[in-house]
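# Structural description and commentary
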Amino acid sequence: MSAGSCLRSEDQFLCSICLDVFTDPVTTPCGHNFCKNCITEHWNVNIPCKCPMCKKVFYTRPELHINTFISEMVSRFRQEAQQKASSSSSKQQAAKPGEVPCDVCTGTKLKALKSCLVCLTSYCETHLEPHLTVSGLKRHQLMDPVANLEDRMCMKHDKPLELFCKTDQTCVCMLCSVLDHKTHDVVPLKEEYEGKKAELGKTEAEIQQMIQKRRLKIQEIKHSIDFSKKDADREKAEGVQVFTTLNESLERSLNELIETIEEKQRMTEKQSEDLIKELEQEISELMKRRSEVKQLSRSEDHLHLLQNFLSLKAAPATKDWTEVSVYPPSYEGTVVRAVTQLEETLSKEMKKLFEVELKRVQQYAVDVTLDPHTAHPKLILSDDGKQVNHGDVKKNLPDNPKRFSHCSCVLGKQSFSSGRFYFEVQVKGKTDWDLGVARESINRKGQITLRPQDGYWTIRLRNGNEYNARNDSPVRLSLKSQPQKVGVFVDYEEGLVSFYDVDAAALIYSFIGCSFTKKLYTFFSPCNNDGGKNSAPLIICPVNQTE
């Protein structure tokens, strides 16, 4: 019997054996109709002959004849069904690549609407109708169209995979559950489906949450980019302004220097010109007198010479030029004074810049407290963890890997592994101290060396006036004034550690190009008492941002 065709909802034209429209319908003596080929094959297998519908037994095989009335009705019904199928097919879409095609369509394969797990066949809308209208087919299990329906059958028992073995985490059929998986935890496929679906829903929600977090992180990064761009634009604008001011000051100082030098030269030239003019005037007067003297001296008339000698003009008044000299102007110190003045201007601009910079880094102020578990036994910490000084007497404290055993040092409780942070420490009244940050993995036992390669970035004071930056080799610092309060700023990603004189708003020293990969802690050493000369404590101060 061929596969099912397009049918109406009436089932009177369906063979109860093949569940399809009659082909060569015949009627048994008991009055039931079947396809001739269907009932013949059924009786060939089942002896004695029995009606599949009413179970009436025919001990003599009945002779079957085509029921012409039903045959005509079926023929008419097929024509109507074909017209309906043709009309319906014209409205349906052909299966596209990647879509499941109808297994029944001949010629152009239409897109399947459902797949039957019993028939192992996919149907378009037209060919699906019997499964929606015929009572026997309604019991079949339909699902969204899928390809390779054979994969849904047990390869060993050729039965639908209806169960799930939780023990082996595999799909099984009914026979599998009572044979190969008899002692296993087997549940209906739907039950496991619901559980897995709920689990997938939870996973989907978790993934969605992860996606949302990453979207928020993207927004955060974009905000950081915008913030960074604003900072860069502001920094460039301020840089242009500062260097424009410095350039104008430089040009102004250069012009003033040139004007000063030229003014001195003009005054020298004017003085020289006046002297030359005066000398030329005297020369002119002397030349006239010389002419008169010469003319009178040539007279041979005794009376004339004597009479005119007395009336000869008196010698013109002349200056004694012996001591008169023109000295070139002195330019010594002119350039030095101009550069000194420029340096003062530059210092003022630098102070303004440091004030702005200090105000910015103070925005990253953090609350730092001292960790008593790291403090050397001779150090005395205040109850609030904000002050530390040397007490001379070694306390009996339990040793631990965190505690400094030889040097009078202590770390802050807080650790930093990213971003920027800033804190301020009062060093007033002290003659010796060390201050900065340290890596978590530093050596805390025995003698230690405060240098970057050993995990320390610090500056120090010794003997009340010797300041050093503890780099790979000590760097002597020349400070205009002694800091009373020191600010420490760290940019972890930039690899920067800067120290400031807070009151003077001046940069003391910066470690640049540092490579931070581990946690950093704030580092303090009040140093020894030195007979009471260095008894003042180091005090962690609240940060009051400069105006």
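Reading the values: the criteria
- Residues numbered from 1 in each chain as written.
- Predicted model: local features only at pLDDT ≥ 70, side-chain atom pairs only at ≥ 80, totals over all residues.
- Heavy atoms only, no water.
- Helix = DSSP H or I, 4+ residues; strand = E, 2+ residues; numbered from the N terminus.
- Rg over C-alpha atoms; globule rule 2.2 N^0.38 Å.
- Contact = heavy atoms within 4.5 Å.
- Areas by Shrake-Rupley, 256 points an atom, 1.4 Å probe, with all protein chains shown as cover.
- Lys, Arg positive; Asp, Glu negative; His and termini not counted.
- Charge placed at Lys NZ, Arg CZ, Asp CG, Glu CD.
- Core = buried A, V, L, I, M, F, W, Y, C linked by side-chain atoms within 4.5 Å.
- Buried < 20%, exposed > 50% of the residue type's maximum accessible area, 1.4 Å probe, protein only.
- Salt bridge = Lys/Arg side-chain N within 4 Å of Asp/Glu carboxyl O.
- Polar contact = N/O pair within 3.5 Å; in protein donor to acceptor, adjacent residues only side chain to side chain.
- Pairing = 2+ DSSP bridges.
- Axes fitted to C-alpha atoms, helices over the stretch in contact; angles between N-to-C directions.
- Phe/Tyr/Trp six-rings, centres within 6.5 Å; stacked < 30°, edge-to-face > 60°.

## Looking at the overall build of the chain
What the chain contains, in helices and strands, is eight helices and 23 strands. Against the compact-globule benchmark of 24 Å for 547 residues, the chain has a radius of gyration of 56 Å, which places it well outside the compact range. Across its three principal directions, the C-alpha atoms of the chain cover 205 × 90 × 35 Å. Excluding contacts between residues fewer than 6 apart, the proportion of contacts in the chain whose partners are at least 24 apart in sequence is 56%. Taken as a whole, the chain presents about 34600 Å² of accessible surface, with 53% of it coming from carbon and sulfur. Once the 75 positive and 76 negative side-chain charges of the chain are each reduced to a mean point, those two points are 7 Å apart.

## Digging into the nonpolar core
In terms of nonpolar packing, the biggest core is built from 35 residues, with F423, W433, I459, V486, V497 and F524 touching the most fellow members. When residues no more than four places from it in sequence are discounted, the contact partners of I459 are W433, D434, L435, N468, A469, L477, V486, F499, I508 and Y509. By size, the runner-up hydrophobic cluster in this structure holds 20 residues, among which are C35, C49, L64 and V74.

## Thoughts on the pattern of salt bridges
As enumerated under the stated definition, the model contains 21 salt bridges in all. Here R266 ties to E259 by a salt bridge, and the two come within 2.9 Å at their closest N and O atoms. Taking the shortest distance from any N to any O, the salt bridge between R462 and D434 comes out at 2.8 Å. With R462 in strand 16 (residues 456–462) and D434 in strand 15 (residues 433–439), the pair connects residues that are 28 residues apart, well separated along the chain.

## With respect to unusual backbone geometry
In the Ramachandran plot, Q169 falls in the positive-phi region, its phi being about 55 degrees despite a non-glycine side chain. Looking at the element boundaries, Q169 is found in the loop between strand 8 (163–165) and strand 9 (170–172). Backbone geometry at D530 places phi at a positive 55 degrees, although glycine is not the residue there. Checked against the element boundaries, D530 lands in the loop between strand 22 (520–525) and strand 23 (538–541). According to the relative accessible area criterion, D530 is partly exposed, its value standing at 44%.

## Focus on the side chain of S122
On the secondary structure map, S122 appears in strand 6 (residues 121–123). Its relative accessible area of 2% is what places S122 among the buried residues. Reaching out from S122, the side chain makes a polar contact with the side chain of S115 at a distance of 2.7 Å. Non-local contacts of S122, meaning those with residues more than four positions away in its chain, are made with V100, P101, C102, D103, V104, A112, K114, S115, V146 and L149.

## As for the pairing of strand 17 (residues 466–469)
The pairing of strand 16 with strand 17 spans four bridges and is classified as antiparallel. Paired with L461 across the two strands is Y467, which belongs to strand 17. In textbook terms, the turn of a hairpin is the stretch between consecutive antiparallel strands, and for strand 16 and strand 17 this stretch comprises three residues, one of which, N463, has a positive phi near 55 degrees. Relative to strand 18 (residues 475–477), strand 17 runs antiparallel, the two sharing three bridges. Each residue of the ladder has a partner; that of Y467, found in strand 18, is L477. The loop that links strand 17 with its antiparallel partner strand 18 comprises five residues.

## Considerations on the sheet that holds strand 14 (residues 420–426)
A sheet is described by the order of its strands in space; here seven strands give the open sequence 11-12-23-14-19-20-21, paired in antiparallel fashion. Lying at the two open borders of the sheet, with one neighbouring strand each, are strand 11 (379–381) and strand 21 (506–511). Within the sheet, the average angular offset between the axes of one strand and its neighbour, ignoring direction, is 20 degrees. Examined bridge by bridge, strand 12 (residues 387–390) and strand 23 share two bridges and lie antiparallel to one another. Paired with Q387 across the strands is I539, a residue of strand 23. Where helix 8 (residues 334–361) meets the sheet, it contacts strand 14, strand 19 (485–491), strand 20 (496–501) and strand 21, and its direction lies at approximately 120 degrees from that of strand 20.

## Focus on the packing of aromatic side chains
Within the structure shown, the criterion is met by 11 aromatic pairs. On the basis of an interplanar angle of 65 degrees and a centroid distance of 6.1 Å, the ring pair of W43 and F58 is categorised as edge-to-face. Of this pair, W43 sits in helix 1 (residues 36–45) while F58 sits in strand 4 (residues 57–58); the two residues are 15 residues apart in sequence, bridging distant segments of the chain. Across the pair, F58 and W43 agree in class, each one buried. Ring-pair connections join several aromatic residues into one group, and the members of that group are F404, Y456 and F523.

## So, the sheet that holds strand 6
Remark on secondary structure: sheet strands pair via backbone hydrogen bonds, oriented parallel or antiparallel. Across the sheet, three strands lie side by side as 6-5-7; this open sheet has antiparallel pairing. Looking at the sheet topology across the chains shown, the edges are occupied by strand 6 and strand 7 (142–143). By the bridge criterion, three bridges tie strand 5 (residues 114–116) to strand 6 in an arrangement that is antiparallel. The residue bridging K114 from the neighbouring strand is Y123, located in strand 6. Running over the sheet, helix 3 (residues 125–133) touches strand 5, strand 6 and strand 7 and is turned about 110 degrees from strand 6.

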